[in-house]
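# Structural overview
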Amino acid sequence: MNEILNLIGSFLTSAVRQAAPLTIAGIGVAYAEKAGILNIGEEGIMLAGAFTGFITAFFSGSLFLGVLGGMAGGLIISMLHAFMCVHCKTNQTISGLALNYLTLGLTSFLFLLAFGKGSSLPSIAKLKSLPVPLLSKIPVIGEALFNQNILVYLVYLVVIVSCIILYKTEWGISITAVGENPGAADTAGINVYGVRYLMCAVNGLLGGIGGCFITLGQLGYFQEDIIAGKGYIALVAVILGRRNPVGILLTAMIIGFTESLQFTLQAKGIPLPSQAFSMLPYLVAVIVLLLSFGKGYDPSALGIPYDRNKR
Amino acid sequence: MNKNKAARILSYTLIVPVAVLIFCLMILLVGCDLGDALKGFWNGAFGSTYSIAEVLVKASPLILCGISVSVGAHAGFTNIGAEGQFYMGAAVTAAISMYAPLPARLLLPVSMIAGFLAGGIWAMIPGILKARFNISEVINTIMFNYIATGIVGILLQTVLKDPKAYYPQSSKIPKEMYLSKILNGTRLHSGLIVALVCAAFVYVFIRCTYSGYKIRAVGQNPRASLCAGIRVRRSIIFSSLLSGGFAGLAGVCEIAGLQHKLMDGISPGYGYLAIVAALLGVNNPIGIVIASVGIAILQEGANGMQRAGSVPTSISNVMLGMLVLLILGRAVFEKRLAKKGAHRV
């Protein structure tokens, strides 16, 4: 009995660890999308965050600075996206894809520049787990939820704060207004461009944390294309979670479960193709999109540049 | 010449020196001799018959996927899913080579048609979802990419797996199915001709046929098209079918012409690169052919630079991303130029 509980406990722990970066990156995307900025470049933002986070942590020796570096990296890429989308009024899908290419190339270019082509990957000590007194002693779930690294607690905080901001404050209303009807929001005195820039900044900061979670919290090293599609999975979590922070958290948890289930099954040598699990979230996303049609979950102005001079 | 046109041409031509400057700066940043690196670039892309052939080998699937993206774009269907459609076409080819009880001579034409349909149907599902239910095709086609690579991965470990091979890959297709070589001693195959024929077809189809006209009209103004009696939904769905078909055909040609078997990661992101090709080629088949060859030159040249002066090949990705951003940002610059010109007059 104890053994089974232990197994479930470690399974949950790994699920939470997989879900945390998806959640925080997804909430970032939700902010931007609620303000009408479609962000296919989330992959690039996370990759930039993973890279700058690792580099700063490696050279400064401080994981705290590493996280700040990760946030800065994500911010740079997302501000580029904001500049393209808000100022240049470009096609947001193409801009996002271009940024993905740019960061994919730039991070591996700079990584080779910094470390050369060594045989061994440079690595750092990962973020340590900080057990919360008392709470971490709860059987089964205590270990999984409250004996994690500090970024996981930050994710909990971001979920709660985002819920309050988006649904209980005037800011949240302004953000939604800008995403639903920028023209009306502008007439009501909301600075549409400002809100969109700000939401892109939030997206970059949170996405950067999500990215450096992977290098600083999960792996402790960096290599080319280390995000490997996690940015797109974060987009899936945003859709399935309907841009609601709690929804995103739950979706990310479910995706995290399937991922750690896959690891567990593979470790046990059960011969199931890994793709059967890895394509599951995408499949579910398509089905949910199909089922939710006509209900108008998408902000009306999502992906449409706002031009003050046009009607 | 009027001021606006001059501003447009100037803003386009200014992109070239900016891109070249960034390119050279990055090479210098590595600490590599600029001359050596550029020589390596030249040798990688044009140094021998073989390297020129390699450029064209890379360009052929890009051309097909590029026109795939452009056909969708004409109808306002943003096809990010060429990658997945490519995989579906490739998977169908492998399946036909292993299981279809057909005379050997028929295998290639049948798999071309089947691959076209497989890619087309894979794109048509998001197309129908967009046309009927107004569900964004951007997200859906991305999801379909991952689902397609997942399906191919599962097939490769089950029904399509070559029992003799250690890695998950399909057995080699029969010799009769090979696309013929164009140049002996190189890997250049007649997939290039298929790509060029398709590009010519799309050029004529979009410009000179009624269906093509309808597709363009729907892409530019769906509401006006509806009022003019065009069946908007049908046009979108048809263009998505056609769009996916070309990407599927690229998958068929890649297997029948080059790899001769299906494996994981058979496309090094052609479907995503194709979006860049379509953008650089402004959705015009001739432009796309030029852009695809250009992208292939950039990649092969980057390989050459790595051999010559250990410049990381990722420089080609940086340049591609940068080019797209410059082209997107160009419009603002153009407007500013045009305004300035207007003030002076």
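Residues numbered from 1 in each chain as written. Chains lettered and ligands numbered in written order. Predicted model: local features only at pLDDT ≥ 70, side-chain atom pairs only at ≥ 80, totals over all residues.

### Regarding the overall build of chain B
- Along the backbone of chain B there are 13 helices and zero strands.
- Secondary structure elements of chain B, listed N to C terminal, follow the sequence α-α-α-α-α-α-α-α-α-α-α-α-α.
- Projected onto its principal axes, the C-alpha positions of chain B cover 75 × 60 × 30 Å.
- Expressed as a percentage of the 345 residues in chain B, the buried residues total 52%.
- If you take every contact in chain B between residues at least 6 apart in sequence, the share linking residues at least 24 apart comes to 78%. (Helix = DSSP H or I, 4+ residues; strand = E, 2+ residues; numbered from the N terminus. Buried ≥ 20, exposed ≤ 12 C-beta atoms within 10 Å, placed from the backbone. Contact = placed C-beta atoms within 7 Å.)

### Thoughts on the overall build of chain A
- When its secondary structure is counted, chain A shows 13 helices and two strands.
- For 311 residues, the compact-globule estimate of 2.2 N^0.38 gives 19 Å, and chain A sits close to it at 20 Å.
- C-alpha atoms of chain A, sized along the principal axes, occupy 65 × 45 × 40 Å.
- Expressed as a percentage of its 311 residues, the buried residues of chain A come to 51%.
- For chain A, the share of sequence-separated contacts (at least 6 apart) that also reach a separation of at least 24 residues comes to 75%. (Rg over C-alpha atoms; globule rule 2.2 N^0.38 Å.)

### With respect to the interface of chain B and chain A
- Listed per partner, the contact involves 37 residues of chain B and 36 residues of chain A.
- When contributions to the side of chain B that touches chain A are tallied by element, the ones reaching two or more residues are α1 (3-30), α5 (104-133), α6 (137-157), α11 (270-280) and α13 (315-344) of chain B.
- At 12 residues, the largest contribution of residues to the side of chain B that touches chain A is made by α13 of chain B.
- For the side of chain B that touches chain A, the residue count by class is 27 nonpolar, 10 polar and no charged. (Nonpolar A, V, L, I, M, F, W, Y, C, P; charged D, E, K, R; others polar.)

### Thoughts on the confidence of the model for chain B
- Averaged over all residues, the pLDDT of chain B equals 90, while 97% of them reach at least 70.
- Reported for the predicted complex are a pTM of 0.89 and an ipTM of 0.85. (pLDDT = per-residue confidence, 0-100.)

### Notes on the packing of helix α3 (residues 63-87) of chain A against helix α9 (residues 192-219) of chain A
Residue and element names in this part refer to chain A.
- Interhelical geometry of α3 versus α9 gives an angle of 140° and a closest axis separation of 6 Å. By the angle between their axes, α3 is oblique relative to α9. Considering only the axes of α3 and α9, their crossing is right-handed.
- Tallied by class, residues from the contact of α3 with α9 come to 17 nonpolar, 11 polar and one charged. (Axes fitted to C-alpha atoms, helices over the stretch in contact; angles between N-to-C directions. Parallel < 35°, antiparallel > 145°, perpendicular 65-115°, else oblique. Left-handed = near helix turned anticlockwise from the far one by under 90°.)

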